[in-house]
Amino acid sequence: MSPDSPVRGSVRSAADLNDQIRALWRHAGGSLSEQERAEYELLVVEWAAAIRGNIIEAA
């Protein structure tokens, strides 16, 4: 990722994002609609960025 990239991590914590992902699946009953799938994908990308940020900070 270039230093000029506008996305430099997540504002929300990985734990908060994980809770949102779990809630989305509970609400959907195990089968996501097209809109829920798009929301899920965005949450997972943000969660992964938060995890990477935590790893970089720990290093």
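Residues numbered from 1 in each chain as written. Predicted model: local features only at pLDDT ≥ 70, side-chain atom pairs only at ≥ 80, totals over all residues. Heavy atoms only, no water.

K.L.:
Sorry if this is basic, but what is going on with helix H1 (residues 14-28) here?
P.N.:
The α-helix advances 3.6 residues per turn, and as a result positions three or four apart in sequence lie on the same side. Relative to the 21 Å expected for 15 residues at 1.5 Å per residue, H1 spans 21 Å between its end C-alpha atoms, a close match to the ideal helical length. Regarding H1, the residues found buried are Ala 14, Leu 17, Ile 21, Leu 24 and Ala 28. With its buried residues spanning 85° around the axis, H1 presents them on a single face. Away from the buried face of H1 by more than 90 degrees, exposed residues Arg 26 and His 27 are located. (Helix = DSSP H or I, 4+ residues; strand = E, 2+ residues; numbered from the N terminus. Expected span 1.5 Å × (residues − 1). Buried < 20%, exposed > 50% of the residue type's maximum accessible area, 1.4 Å probe, protein only. Arc of directions from axis to C-beta.)

K.L.:
Looking at this model, I keep getting lost on the pattern of salt bridges. Mind explaining?
P.N.:
Enumeration according to the criterion identifies 1 salt bridge in this entry. Between Glu 46 and Arg 12 there is a salt bridge, and its shortest N-O distance comes to 2.5 Å. You can see Glu 46 sitting in helix H2 (residues 34-58) and its partner Arg 12 sitting in the segment before H1, a full 34 residues away along the chain. Look at Arg 12 and you get partly exposed, because its relative accessible area is 34%. (Salt bridge = Lys/Arg side-chain N within 4 Å of Asp/Glu carboxyl O.)

K.L.:
How should I be thinking about the nonpolar core in this particular structure?
P.N.:
A general feature of soluble globular proteins is that nonpolar side chains tend to end up buried together. Of all hydrophobic cores here, the largest spans 8 residues; its members are Ala 14, Leu 17, Ile 21, Leu 24, Ala 28, Leu 32, Leu 43 and Ala 50. If you list the elements that add at least two residues to this core, you get H1 and H2. Among the elements that take part in this core, H1 stands out by supplying 5 residues, more than any other. (Core = buried A, V, L, I, M, F, W, Y, C linked by side-chain atoms within 4.5 Å.)

All we've got here are geometric facts, nothing functional implied.
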